[in-house]
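# Topology and contacts: notes
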Amino acid sequence: MQVEGMNCASCVGRVEKALKSISGVASASVNLATESVLVNYDETLTTQDVANALQTAGYPAVSESITFGVGNLNCASCVGRAEKALRAGNGVLEANVNLATESATVRYAAGATTPSAIAELVTAAGYPATLEKTEPAETAHRKTDEIRQLKSKVLLAAALALPVFLIEMGSHFIPGVHMLIENSLGLQNSYYLQFVLTTVVLFGPGRHFYTKGFPSLLKGAPDMNSLVALGTSAAYVFSLVSTFAPQLLPAGTVNVYYEAAAVIVVLILLGRFLEARAKGRTGEAIQKLVGMQAKTARVERDGVTVEVPIEEIIVGDVIQVRPGEKIAVDGAVISGSSFVDESMITGEPIPVEKTSGDEVVGATINGTGALSVQASKVGNDTVLSQIIQMVEQAQGAKLPIQGLVDKITSWFVPAVITVAILTVAVWFLFGPDPALSLALVAGVAVLIIACPCAMGLATPTSIMVGTGRAAELGVLFRKGDALQMLQETKVVALDKTGTLTAGHPELTDIILSEGFEEEDVLRMVAAVEQNSEHPIAKAIVQASHERGIALPKPESFNSLTGFGVSAVVQGQDVLVGADRLMDREGIALEQLSVDATVLATRGKTPLYVAIDGKVAAVIAVADPIKKTTPDAIKSLHGLGLKVVMITGDNQKTANAIAAELGIDSVIAEVLPDGKVHALEDLRKSASGKLAFVGDGINDAPALAAADVGIAIGTGTDVAIEAADVVLMAGDLNGVVNAFHISQKTMRNIRQNLFWAFSYNTLLIPVAAGVLYPFGGPLLSPVLAAGAMALSSVFVLTNALRLRWIKATTAH
């Protein structure tokens, strides 16, 4: 294994000591030059055990990840076996197989194995691996081919099975059909015809069930294919004996069940076809994101503008963007001006003006102007690529709730086979005549109805659709378990600056003394402050620019340290500062001192303005609350959450802001490094999970310390490592949407799991015939196959409803 953090011989000694202290390690040698270790250990250990020891010693093993396609995945049992085969491989640290995407993501120790060796592990287990990482577009193409092949199989199998079904079951719908067949075709000849057609169905379109199912059974790891293969084979073999050697069967038990075997194959193929179509739609969010990328760009090369694929663009290239075109990659405008539609990144519908020096993002749409953009990020480094990677990671995640499903499905199929054997035995020994036929019907029905497809699809499909829809609404789940954690959250703590507020000061109030005009006062103050770098000064100057006020040049400017500033503007003496400056200069504040006190209690910073020795106004500067914040707080309360504000402001100011917004409680006067301690104190009193929302710039420790860290992004700063959830837009609406999506998705998962488990729990006894002694029906294997197929389609269809989740609040 490759190892990080070794710098000297003492490091080597510590690593060797840590490894040799593990029971089961025969030898360990460490190479400082190559920063690697060679460990010989017995079968009582795994690679993960060795990696854990290195981690504990402070020298973690270097790990790499690979994602590849996996074939022949049909149910949760397949997922379990594929994961088991991968995790047993030398060098494999972690393996997750996703039934919905038919892919595996494996984290392995660098140097201990290779991607090709990992792929061979799962291929040898009966699930062929496609090593190359399949791009979403290629995945869609592969899915289209699969759907087309399944459709052909369904149509062929149905055409062959229909005559079999009509011959054997026609008399149940139309009286006299049975007699008509016997008088025209002959009963024995009808058996021969059914035998031929059914044989073609089973060994043609249905061949896959037997080539996969029986080998899995012989390996002691039966799966869904094994159940279908056993059930249909039992019906088929019994029918063969009835057709060609009826004398071997007890009197009164001769009957054929060709229609059961043929129609079961048709219905299960139909179910898989419908599954494939639905599963194809679960990944539409990724396909949409990929589709947003520009395919080509006009790039300046050797003084000539040429059109090249975006894959060939390198950092530093100058790209010419014409009106209406997509911007190919992330970069900075070096000439030109235009308005750019960035709604796909920020969710904001209003185009943003871009001029020289401004940053632009790939896949956003240029307006009516022309731009020259110098590429700064290309390929996997672009914002859109980061978004796609985050969505893929979240879609492939395994939630804690999935652990229960994995445990159950690991023993489910063997248990079903056992139940089927017991069912046959009970019916054969204690059932009424014809006992053998009834035993066969009940046993086959149990095998067919119990396929755990719905269990395996219940969680991953909901995750795929939910996280995909979240991305469309500007909510990126970086870590999959955040989806479940958010739903369990009871308290959400909000950083104030940059989260509840704009994050920069603005001029909010101008209260005038009698005889002064607002525009005149603002012009004077802004003229004094225009050369200052102080944030409050910038806020005042910005306000004057927004009102279109032309600023004169100040004369004899003086900075009065600790008091304020003074200058002469257009022949008038102007003072701007705190109340102590006015006291020093002997200027009476009159009613304005009362107004200033009121402003201060509202969390604003008051400053006085005096012109020619007379107080002219009190002005207030504050970090204003974002316009969307009040409604977002109400929405969070509507979701049943307790809202807490964490701020460095004094308690009085913080309480005023909290009262204005309806925030439940306040933790004030917190130093920048004290947010983690504040969260720890808050967690002690919280009855559920704790989420923290910050602006992602200086909140990384708090984001990491919370159960769920939610970073409010700026549209381009999406790779915030400490956060579990990243929001593209810069307001709290995204937080509301994140909680809303989490609740909807987890509710959807629970619905799917309830259906899947209830379906199997209730219908297996029915299929076994427990209702028959009480006058109830003995479930036909054909109906069992139909019900099994419908259960998977139900789960997928229910998951697809998440595509229509609406944003709870408009930007």
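Values in this document were obtained by computation on a predicted structure and should not be read as measured data. (Residues numbered from 1 in each chain as written. Predicted model: local features only at pLDDT ≥ 70, side-chain atom pairs only at ≥ 80, totals over all residues. Heavy atoms only, no water.)

### Observations regarding the overall build of the chain
Per the secondary structure count, the chain includes 28 helices and 28 strands. Whereas a compact globule of 811 residues would reach a radius of gyration of roughly 28 Å, the chain reaches 35 Å, over 25% beyond that. Seen along its three principal axes, the alpha-carbon backbone of the chain occupies a region of about 125 × 70 × 65 Å. Summarising the internal contacts of the chain: among those between residues at least 6 apart in sequence, 67% fall at separations of at least 24. Of the charged side chains in the chain, 59 are positive and 78 negative; the average position of the first set lies 8 Å away from that of the second. (Helix = DSSP H or I, 4+ residues; strand = E, 2+ residues; numbered from the N terminus. Rg over C-alpha atoms; globule rule 2.2 N^0.38 Å. Contact = heavy atoms within 4.5 Å. Lys, Arg positive; Asp, Glu negative; His and termini not counted. Charge placed at Lys NZ, Arg CZ, Asp CG, Glu CD.)

### Thoughts on the sheet that holds strand S10 (residues 330–336)
Overall, antiparallel pairing links the six strands, which are arranged S8-S7-S9-S15-S10-S13 in an open sheet. Two strands in the sheet have a free side with no partner beyond their single neighbour: strand S8 (304–309) and strand S13 (359–360). In this structure, strand S9 (residues 318–321) lies alongside strand S15 (residues 371–377), joined through four bridges in antiparallel fashion. By the bridge assignment, valine 321 is partnered in S15 with leucine 371. (Pairing = 2+ DSSP bridges.)

### Things to note about the UniProt feature "domain: HMA" (unreviewed entry) in the chain
The UniProt record annotates "domain: HMA" (unreviewed entry) at residues 1–62 and 64–130. Taken end to end, residues 64–130 is 33% helix and 34% strand, and its two terminal C-alpha atoms sit 18 Å from one another. (UniProt positions renumbered as here; feature names shortened; annotations may be inferred.)

### Section: the layout of surface pockets
In this structure, the second largest pocket spans a volume of roughly 750 Å³. Around the second largest pocket, the lining is made up of 35 residues, and of these Lys496, Thr497, Asp623, Asp649 and Ile657 lie nearest the centre. Per-element accounting of the lining of the second largest pocket gives the leading share, four residues, to helix H24 (residues 651–661). Classifying every residue of the lining of the second largest pocket by side-chain character gives 14 nonpolar, twelve polar and nine charged. (1 Å grid on protein atoms, 1.4 Å probe; cavity = no way out; pocket = protein on both sides within 12 Å on 5 of 7 lines; lining within 4 Å. Points joined across faces, edges and corners; volume = space filled by probe spheres on them. Nonpolar A, V, L, I, M, F, W, Y, C, P; charged D, E, K, R; others polar.)

### Concerning the sheet that holds strand S21 (residues 572–577)
Reading across from one edge, S18-S23-S22-S21-S20-S19 is the order of the six strands in this open sheet, with antiparallel pairing throughout. Both edges of this open sheet fall to strand S18 (506–512) and strand S19 (555–560), since each of them pairs with a single strand only. For this sheet, the mean inter-axis angle between neighbouring strands, taken without regard to orientation, is 20 degrees. Bridge count between S21 and strand S22 (residues 605–611): four bridges; the pairing is antiparallel. Residue pairing for S22: leucine 575 is matched across the bridge by alanine 610. Across the sheet, helix H19 (residues 518–529) touches S18, S19, strand S20 (564–569), S21, S22 and strand S23 (614–622), and the angle it forms with S20 is around 110 degrees. Strands S18, S22 and S23 of the sheet are contacted by helix H20 (residues 535–546), whose axis makes an angle of about 105 degrees with S23. (Axes fitted to C-alpha atoms, helices over the stretch in contact; angles between N-to-C directions.)

### Some thoughts on the UniProt feature "transmembrane region" (unreviewed entry) in the chain
Sites flagged by UniProt as "transmembrane region" (unreviewed entry) map to residues 154–174, 189–206, 227–249, 255–274, 408–430, 436–459, 753–772 and 778–796. Along residues 189–206, the helical share is 83% and the strand share 0%, with 24 Å between the first and last C-alpha atoms. Secondary structure across residues 753–772 divides into 80% helix and 0% strand, with the first and last C-alpha atoms of the span separated by 28 Å.

### Observations concerning the state of the cysteines
Per the stated rule, a full pass over the model turns up zero disulfides. Counting only cysteine sulfurs, cysteine 78 is the nearest neighbor of cysteine 75, a cysteine outside any disulfide, at a range of 3.8 Å. Residue cysteine 75 is classed as buried on the basis of its relative accessible area of 0%. According to the relative accessible area criterion, cysteine 78 is buried, its value standing at 0%. (Disulfide = S-S within 2.5 Å. Buried < 20%, exposed > 50% of the residue type's maximum accessible area, 1.4 Å probe, protein only.)

### So, the packing of helix H7 (residues 187–203) against helix H9 (residues 224–244)
Packed helices, taken two at a time, are described by the angle their axes make and the gap between the axes. Two numbers describe how H7 lies on H9: the axes approach to 10 Å, and their chain directions differ by 150 degrees. Between H7 and H9, the crossing angle belongs to the class labelled roughly antiparallel. For the pair H7 and H9, the sense of crossing is left-handed. Between H7, through Gln188, Tyr191, Tyr192, Phe195, Thr198, Thr199, Leu202 and Phe203, and H9, the contact on the second element is made entirely by Tyr236, Leu240, Thr243 and Phe244. In terms of residue class, the contact of H7 with H9 is made up of eight nonpolar, four polar and no charged. (Parallel < 35°, antiparallel > 145°, perpendicular 65-115°, else oblique. Left-handed = near helix turned anticlockwise from the far one by under 90°.)

### Brief notes about the pairing of strand S26 (residues 689–694)
When you tally the buried positions in S26, you get five out of six residues, the bulk of the element. Pairing between strand S17 (residues 489–495) and S26: five bridges, direction parallel. Within S26, the residue paired with valine 492 across the bridge is alanine 691. Bridge analysis of S26 against strand S27 (residues 708–712) gives four bridges, and the strand direction is parallel. Counted as the bridge partner of glycine 694 is alanine 711 from S27.

### With respect to H19
Along its twelve residues, H19 runs 16 Å from first to last C-alpha, staying within 8% of the 16 Å computed at 1.5 Å per residue. Burial runs high along H19: nine of the twelve residues are buried. Turning to H19, its buried residues are Val521, Leu522, Arg523, Met524, Val525, Ala526, Ala527, Val528 and Glu529. (Expected span 1.5 Å × (residues − 1).)

### Thoughts on the environment of leucine 185
Here leucine 185 shows up in the loop between helix H6 (177–184) and H7. A relative accessible area of 36% means that leucine 185 is categorised as partly exposed.

### Side note on the packing of aromatic side chains
Each pair of aromatic rings is reported with the distance of its centres and the angle of its planes. Within this structure, the stated rule accounts for eleven aromatic pairs. What links up through ring pairs into an aromatic cluster is the set Tyr192, Phe195, Phe203, Tyr210, Phe214, Tyr236, Phe244 and Tyr258. Over the aromatic face of phenylalanine 563 sits the side chain of arginine 584, whose NZ or CZ is 4.7 Å from the ring centroid. (Phe/Tyr/Trp six-rings, centres within 6.5 Å; stacked < 30°, edge-to-face > 60°. Lys NZ or Arg CZ within 6 Å of the ring centre and 35° of its normal.)

### Examining a positive patch on the surface
Positive charge collects at one region of the surface, where Lys744, Arg747, Arg750 and Arg801 lie side by side. Along the chain, the position of arginine 801 falls in the segment after helix H28 (781–800). Overall, arginine 801 belongs to the partly exposed group, its relative accessible area being 46%. (Patch = residues over 30% accessible without salt bridge, like charges linked within 9 Å, V, L, I, M, F, W, Y side chains within 5 Å. Areas by Shrake-Rupley, 256 points an atom, 1.4 Å probe, with all protein chains shown as cover. Salt bridge = Lys/Arg side-chain N within 4 Å of Asp/Glu carboxyl O.)

### Thoughts on the environment of valine 266
Among the secondary structure elements, valine 266 is positioned in helix H10 (residues 258–282). It is 30 Å that separates the C-alpha atoms of valine 266 and isoleucine 463, two residues lying 197 residues apart in sequence. With residues near it in sequence (within four places) discarded, valine 266 still touches Ala157, Ala158 and Ala161.

### As for the environment of aspartate 579
Counting through the fold element by element, aspartate 579 comes out in helix H21 (residues 579–584). Residue aspartate 579 is classed as partly exposed on the basis of its relative accessible area, which comes to 39%. Counting along the chain gives 27 residues from aspartate 579 to proline 606, while the straight-line C-alpha distance between them is 8.9 Å. With residues up to four places along the chain from it excluded, the contact list for aspartate 579 reads Leu589 and Tyr608.

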